[in-house]
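Topology and contacts: notes
Residues per chain are reported as follows:
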Amino acid sequence: MDYGHPLQFGTFITPGNASPQVPVQLAQLSEQLGFDLVTFQDHPYQPAFLDTWTLMSYVAAATTSIHVAPNVLNLPLRPAPVTARAAASLDLLSGGRLDLGLGAGGFWDAIEAMGGRRLTPGQSVDALGEAIDVIRGVWDSGNREYFAGGEYYPVKGGKRGPAPAHDIPIWIGAYKPRMLRLTGRKGDGWLPSLPYLKDGDLQDGNARIDDAAADAGRNPAEIRRLLNLGGDNEVDQLVTMALEDGIGTCIVMGDDPSALQRFAEETMPAVREAVETERARRGTIVGVGRTAAALAKRREGIDYEGVPESLRDTAIEPGDFAYRTVRSTYMRAGSPGLVLRPTTVDEVVDALAFARSNDVPLGIRSGGHGVSGRSTNDGGIVIDLKALNGVEVLDAATKRVRIGPGARWMDVAQSLDEHGWALSSGDYGGVGVGGLATAGGIGFLAREHGLTIDHVVAAEVVLADGTVARASVDENPDLFWAVRGAGANVGIVVSFEFEVDAVGEVGWAQLAFDASDTEAFLQRFGEAMERAPRDTTLFVILAKQRGDVIGQLYGVVDSNDPDTILERLQPFAAIGPLVGQQVQLAPYAVVMANASDATHDGQGEPHFRSGLVEHLDAQVAAAGAALVQSGSTPWFQIRSVGGAVADIPSDATAYAHRAANFSITSIGRSDRFEQHWADLAAHFDGLYLSFESRQGAEIVEEAFPPATLARLREIKRRYDPDAVFRDNFNVGVENAVNG
Ligand SMILES: Cc1cc2nc3c(=O)[nH]c(=O)nc-3n(C[C@H](O)[C@H](O)[C@H](O)COP(=O)(O)OP(=O)(O)OC[C@H]3O[C@@H](n4cnc5c(N)ncnc54)[C@H](O)[C@@H]3O)c2cc1C
């Protein structure tokens, strides 16, 4: 029986020797010789043996590509939840090179001598079964605490620690029927040693594993068959074991460097060649594909077998290890049925055509920070543009750059900083270019340099029908108009051309106030902001904490002159009792370097509200203060706009609210919040969609004034007549906007 596993070879090195460096050197030699794997036995009671886990960590640091595994780990002396964290940590540190061989124990006197619990054979199998569940449970627990009610590992709220870098396989050292059945039910591999096997044991073991796997609804081929080999190994014997007994991994035991070298140079290539030739003759498919458990997680309505060839290798399904990293966005928990990850424009075209042929929701994702959360969904398809993240200078004289939608603003700022340039963006470095540069872009340079969309001079767009259109003043000008403010409605922008600005170091200010006199504080902030020169763009966040309202003012003075910076900030220092201040000169790229690379793990639904006002007048300030003072929101933010933003005529782009000087955002879900928000919203003149999570016709109508909306709808009817791009603030169908 050949299960079709790609052939692998490993070494089995004694963890104790004359010099502690010897096993490390043998591991390095294994890597140089082209072995896939170096393994170490684990007997944490053996005199003079190095601790296996410590040795593996050291070896992982001293090698670069070879996988490292315990062969096999002595579970009775290594508590499962801690083993899970240790394995995940080493896997992460080694770049996904840890594989986990587990054993149930055996040398019980020695284990007991070390303080371990003596178990009967039956108990030790049960304990191993529980341990496997616990280890996988801890790896999978995300941000949640982990609980397990087992007899051997009762975990009462375990913390996951880091997630592993790859899907760590669990191989089981098994000989007896119960262990073999456990391997079939739960293992990713069977790892016996040939010297302990009698004639027929391999076949018998395989049969037991296969039966148990099938009984558990698994494909037996999911379980890799590994074998520790002692002494001399004939090529013919290894070829037969690979082709007839399904051995996919041969591990040579021994510490003799010349024997390892002989095996690597003579036996390994001969075995590979003979197995490849015979597999080709037999037509054996190499590679197992998705497990039965993974296939069972596929969602209805998606033709998984029809995923275009170009996207197959990078696509992620619910049963895949990497699904955890792509399912949710920064703001919203999601469970899409398929995430397509194109790396070229042609692949975006393929992805869109495929998505169109499946009648499920479609999300377009660039940086995954959309406040509405529509770049994930439940059971639908997501086209994730993260890989289209280039930043390229097209013309230094005009400061024209091409940027991919998947780039994050902190990376863009860093790249442009090398030229002494900056592009007006949002205030958070983790946000993606695609979502922000199709909606507006209100950030720390807005009053001096305008919105992000005001710097777009051309865009390449994959349209609903799969054509790739260039949009600029001269080419598809209607599309160009729509992309700048309502891009999500008309296509997938696969690259933007921007003209950027020369920006040196800026004054980065953070001031904190006692804003308990909230109404007056807001009004004074508004007045100071409107009076301030354009080089000053400050935002304020208010929150009620233990009865006091704290106001945090932060933003940029676009000047590298300390006196100018202080002069600009002086009027703001007087808007309330100042309780903290910090001002520094820093490159814009440093200001933007405020996000991490952590996996997006949004929970539930976002509840964001947004509105635009021209002035923070007495009524707005009173309503805003009432909302903050009510304690019904943990987040109340005002961003300043105006200045250069208002220089652009309101009909020049699909973002029309050019007169607004302030963008107001808050979060809340209680009735009390809704009432206060409604009182405040009575003073709004429009809203900015990037900070809104409600969907619906009313929201779209507030975001786009009537003339803008009419033009948008006409353009949408031409470019996206079937409303393919309908999942995020669809303007296409009056009074019937889906969410
Ligand atoms: C922490 C945080 C801070 C923020 N700060 C600011 C700020 O300072 N200023 C500001 O203006 N906004 C800000 N925003 C809002 C942000 O601009 C928007 O949410 C934006 O849509 C996020 O872009 P993204 O690519 O990361 O999001 P995604 O979730 O990937 O995309 C959001 C939506 O945009 C559309 N879209 C994405 N990519 C494309 C594309 N290539 N072509 C066409 N449509 C596309 C899709 O409809 C998608 O649902 C912030 C958001 C967060 C979460």
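Our subject in this report is the structure included herewith. Just so we're clear, the structure is a prediction, and the values are computed from it rather than from any experiment.

Parameters at a glance
- Residues numbered from 1 in each chain as written.
- Predicted model: local features only at pLDDT ≥ 70, side-chain atom pairs only at ≥ 80, totals over all residues.
- Heavy atoms only, no water.
- Salt bridge = Lys/Arg side-chain N within 4 Å of Asp/Glu carboxyl O.
- Helix = DSSP H or I, 4+ residues; strand = E, 2+ residues; numbered from the N terminus.
- Buried < 20%, exposed > 50% of the residue type's maximum accessible area, 1.4 Å probe, protein only.
- Expected span 1.5 Å × (residues − 1).
- Contact = heavy atoms within 4.5 Å.
- Near = heavy atom within 4 Å.
- Polar contact = N/O pair within 3.5 Å; in protein donor to acceptor, adjacent residues only side chain to side chain.
- Areas by Shrake-Rupley, 256 points an atom, 1.4 Å probe, with all protein chains shown as cover.
- Axes fitted to C-alpha atoms, helices over the stretch in contact; angles between N-to-C directions.
- Parallel < 35°, antiparallel > 145°, perpendicular 65-115°, else oblique.
- Left-handed = near helix turned anticlockwise from the far one by under 90°.
- Lys, Arg positive; Asp, Glu negative; His and termini not counted.
- Nonpolar A, V, L, I, M, F, W, Y, C, P; charged D, E, K, R; others polar.
- Pairing = 2+ DSSP bridges.
- Patch = residues over 30% accessible without salt bridge, like charges linked within 9 Å, V, L, I, M, F, W, Y side chains within 5 Å.
- Charge placed at Lys NZ, Arg CZ, Asp CG, Glu CD.
- Phe/Tyr/Trp six-rings, centres within 6.5 Å; stacked < 30°, edge-to-face > 60°.
- Lys NZ or Arg CZ within 6 Å of the ring centre and 35° of its normal.
- Right-handed = clockwise from strand over helix to strand, strands pointing away.

This paragraph deals with the pattern of salt bridges. Following the criterion strictly, the structure yields 44 salt bridges and no others. As a salt-bridge pair, Arg658 and Asp454 come within 2.9 Å of each other at their nearest N and O atoms. Here the residue Arg658 occupies a position in the loop between β27 (635-640) and β28 (662-667), and Asp454 occupies one in the loop between α16 (446-449) and β18 (456-462), the gap between them amounting to 204 residues. With a relative accessible area of 3%, Arg658 lands in the buried category. Here Asp454 falls in the partly exposed class, since its relative accessible area comes to 23%.

A cis amide bond, omega -5°, links Asn71 with the succeeding residue Val72. Along the chain, Val72 falls in the loop between β3 (67-70) and β4 (73-74). Located in the positive-phi region is Lys399, a residue other than glycine, with phi close to 55°. Following the sequence through the fold, Lys399 ends up in the loop between β15 (391-395) and β16 (400-403).

Our next topic: helix α19 (residues 562-573). Taking 1.5 Å per residue, twelve residues should reach 16 Å; α19 reaches 16 Å between its end C-alpha atoms and fits that length. Tucked into the core, α19 has its buried residues touching β22 (505-514), α18 (518-531), β23 (536-545), β24 (548-557) and β25 (578-587).

So, on to the site of the ligand. Every one of the 35 residues lining the ligand counts as a neighbour, but Ser366, Ser375, Asp427, Arg639 and Tyr688 are closest to it. Between an oxygen atom of the ligand and a main-chain N or O atom of Val371, the distance comes to 3.2 Å. A distance of 2.6 Å is found between an oxygen atom of the ligand and a side-chain nitrogen or oxygen belonging to Tyr688. Protein chains shield 94% of the accessible area of the ligand, which is 950 Å² for the free molecule.

In this section: the packing of helix α8 (residues 235-244) against helix α9 (residues 257-282). Two numbers describe how α8 lies on α9: the axes approach to 9 Å, and their chain directions differ by 40°. If you check the angle between α8 and α9, you find them oblique. Here α8 and α9 pass one another in a crossing that is right-handed. Here α8 contributes Val235, Leu238, Val239, Ala242, Leu243 and Glu244 to the contact with α9, which in turn contributes Phe263, Thr267, Ala270, Val271, Ala274, Val275, Glu278, Arg279 and Arg282.

As for its placement among the helices and strands, Asp99 is situated in the loop between α3 (80-93) and β5 (100-103). Lacking a salt bridge, the buried Asp99 has Arg224 as its closest oppositely charged neighbour, with an N-O distance of 7.9 Å. Those residues within four positions of Asp99 in sequence are excluded, and the remaining contacts are Leu37, His67, Val68, Ala69, Pro70, His166, Ile168, Pro169 and Trp171.

The subject of this paragraph is the packing of helix α2 (residues 52-62) against α3. Interaxial distance between α2 and α3 falls to 10 Å at its minimum, and their mutual angle equals 15°. Relative to α3, the element α2 lies roughly parallel. In the crossing of α2 with α3, the sense of the turn from one axis to the other is left-handed. Packed against α2, whose contacting residues are Trp53, Met56, Ser57 and Ala60, the element α3 presents Ala86, Ala87 and Leu90 at the interface. When the residues that make up the contact of α2 with α3 are grouped by side-chain class, the tally is six nonpolar, one polar and no charged.

Looking now at the sheet that holds β16. Across the sheet, five strands lie side by side as β15-β16-β20-β18-β19; this open sheet has antiparallel pairing. Each of the sheet's edge strands pairs with one partner strand only, and the pair in question is β15 and β19 (468-472). Sheet twist, expressed as the average angle between the axes of neighbouring strands with direction ignored, equals 20°. The pairing of β15 with β16 spans four bridges and is antiparallel. Bridge pairing in β16 places Val391 opposite Ile403. Set on the sheet, helix α13 (residues 345-356) makes contact with β18, β19 and β20 (492-499); between it and β18 the angle comes to about 50°. Helix α14 (residues 409-417) rests against β15, β16 and β20 of the sheet, and its axis sits at about 45° to β15.

Relative to the helices and strands, Gly551 resides in strand β24. Gly551 sits 296 residues away from Asp255 along the chain, and the two C-alpha atoms are 67 Å apart. Sequence-distant contacts of Gly551, that is, excluding residues within four places in its chain, are made with Leu511, Ala512, Phe513, Ala515, Phe521, Ile541 and Leu542.

If you trace the nine strands from one edge of the open sheet to the other, you get β3-β2-β1-β11-β10-β9-β8-β5-β4, paired in parallel fashion. Lying at the two open borders of the sheet, with one neighbouring strand each, are β3 and β4. Alignment of strand β2 (residues 37-40) against β3, held across four bridges, turns out to be parallel. The partner of Val38 across the bridge, within β3, is Val68. Helix-sheet contacts for α9 involve β1 (8-13) and β11 (247-253), and the interaxial angle to β1 is about 155°.

A cluster of acidic residues, Asp514, Asp517, Glu519 and Asp548, forms a negative patch on the protein surface. Looking at where Glu519 falls in the secondary structure, it is placed in helix α18.

This part takes up the packing of aromatic side chains. Under the defined criterion, the tally for this structure stands at 19 aromatic pairs. Here a set of aromatic residues connected by ring pairs shows up, and it is made of Phe444, Trp508, Phe539 and Tyr554. The positively charged end of Arg484 is found above the aromatic ring belonging to Phe480, 3.7 Å away from the centroid. In this arrangement the basic side chain of Arg711 is found over the ring face of Trp481, its NZ or CZ atom lying 4.2 Å from the centre.

Of all ten residues making up β23, eight are buried, and the element is well covered by its neighbours. The pairing of β23 with β24 spans ten bridges and is classified as antiparallel. Note that in β24 the partner of Thr537 across the bridge is Val556. Connecting the antiparallel pair β23 and β24 is a turn made up of two residues, with Arg546 showing a positive phi of about 45°. Of the pairings in the sheet, the one linking β23 to β27 comprises four bridges and is antiparallel in character. Bridged to Leu542 within β27 is Phe636.

Another aspect to go through is the environment of Gly487. Checked against the element boundaries, Gly487 lands in the loop between α17 (477-486) and β20. Separated by 49 residues in the primary sequence, Gly487 and Thr438 place their C-alpha atoms 4.5 Å from one another. Residue contacts for Gly487: discarding those within four places in its chain leaves Thr438 and Ala482.

For the rest of this paragraph, the subject is the pairing of β5. Alternating residues of β5 divide into Leu100 and Leu102 and Gly101 and Gly103, and every residue in both groups is buried. Pairing of β4 with β5, which is carried by two bridges, proceeds in the parallel orientation. If you follow Leu73 over to β5, its bridge partner there is Leu102. Considered for its hand, the β-α-β crossover made up of β4, α3 and β5 is right-handed. Relative to strand β8 (residues 170-172), β5 runs parallel, the two being bridged by three bridges. The residue of β8 that forms the bridge with Leu102 is Ile172.

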